[in-house]
Amino acid sequence: MKSIAVVYHSASGSTHRLANAIVQGANSCADVKVNVYRILPEHIHQGRFIALDILHEITKADGIIFGSPTYMGSVSAQFKAFIDASSEIWSTGSWTNKIAAAFTVGNHYSGDQLSTIKYLQTLAGQHGMLWAGLDLKGLKERNIQNNSGAQSGLITYTQDKEIPADALLTAQYLGERVSLLANRL
């Protein structure tokens, strides 16, 4: 049985809703176990990520899907603390050849969310992970998967504090895609 880890930070609940949709999609594949790790305030002490047990649990997964809200063109400080703590994993090569993907949400249609995805893609590259972008065509009609047209990862924004329905469908697809790819390894 393959396993997928979904690790994310959510402040307002938007990233959490996307993570739930991703988990739903990942769980749609047979022979895949999904573990969810939400970065909480108690995981951070004096700006450092201290829940090292989470890092070690994630290391057991065949695929890791990273999620963070976009703040000022990058990941949240809480997620950055998690990333910094992953340098211990980097030194052992424990994430090498695992499937990686990412998702983010911002408050505006064009709030530099792509830079957040690119940052996470760089993180995956530094760890020697295999990046799984979206293979969906970007369509302009509403309620069509991947309405943003981004292929590097799931990028969306909130409308009246809600996630657009097409983004939730894309999130499900991303979870399913990572599970399918992990099953191929």
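About the thresholds
- Residues numbered from 1 in each chain as written.
- Predicted model: local features only at pLDDT ≥ 70, side-chain atom pairs only at ≥ 80, totals over all residues.
- Heavy atoms only, no water.
- Helix = DSSP H or I, 4+ residues; strand = E, 2+ residues; numbered from the N terminus.
- Rg over C-alpha atoms; globule rule 2.2 N^0.38 Å.
- Buried < 20%, exposed > 50% of the residue type's maximum accessible area, 1.4 Å probe, protein only.
- Arc of directions from axis to C-beta.
- Contact = heavy atoms within 4.5 Å.
- Phe/Tyr/Trp six-rings, centres within 6.5 Å; stacked < 30°, edge-to-face > 60°.
- Pairing = 2+ DSSP bridges.

(A) Region of interest: the overall build of the protein chain. Scanning the protein chain from N- to C-terminus turns up six helices and eight strands. Starting at the N terminus and walking to the C terminus, you meet the elements of the protein chain as β-α-β-β-β-α-β-α-α-β-α-β-β-α. For 185 residues, the compact-globule formula gives about 16 Å, and the C-alpha radius of gyration of the protein chain, at 15 Å, lands near that figure. The principal-axis extents of the C-alpha atoms in the protein chain amount to approximately 45 × 40 × 25 Å.

(B) Quick peek at helix α2 (residues 52–59). Listing the buried residues of α2 in full gives Ile54, Leu55, Ile58 and Thr59. With its buried residues spanning 145° around the axis, α2 presents them on a single face. Where the residues of α2 are buried, they touch β1 (2–9), β2 (32–39), β4 (48–49), β5 (63–69), α3 (77–85) and α4 (87–92).

(C) How the structure looks around the environment of Arg48. Note on placement: Arg48 falls in strand β4. Residue Arg48 is classed as exposed on the basis of its relative accessible area of 59%.

(D) Representation of the packing of aromatic side chains in the model. By the definition in use, this model includes five aromatic pairs. Judged by centre distance (5.4 Å) and plane angle (85°), the ring pair of Phe49 and Phe82 falls under edge-to-face. A residue pair is termed long-range when its members are at least 10 positions apart, and Phe49 in strand β4 and Phe82 in helix α3 qualify at 33 residues. Accessibility classification places Phe49 together with Phe82 in one group, the buried group. Judged by centre distance (5.3 Å) and plane angle (50°), the rings of Phe79 and Phe82 are tilted. You can see Phe79 and its partner Phe82 sitting in helix α3, three residues apart, about one turn around the helix. In terms of burial, Phe79 and Phe82 fall into one category: buried.

(E) Fine view of the pairing of β5. Within β5, seven of the seven residues are buried, leaving the element largely enclosed by the surrounding structure. Across five bridges, β1 lies against β5 in parallel orientation. Each bridged residue has a counterpart across the sheet, and for Val7 the counterpart in β5 is Phe66. As paired elements, β5 and strand β6 (residues 99–106) share seven bridges and run parallel to each other. By the bridge assignment, Pro69 is partnered in β6 with Val105.

(F) Inspection of the side chain of His127 at higher detail. Checked against the element boundaries, His127 lands in the loop between α5 (113–126) and β7 (130–131). Here His127 falls in the buried class, since its relative accessible area comes to 5%. Aside from chain neighbours lying at most four places away, what touches His127 is Ser86, Ile89, Trp90, Trp95 and Thr96.

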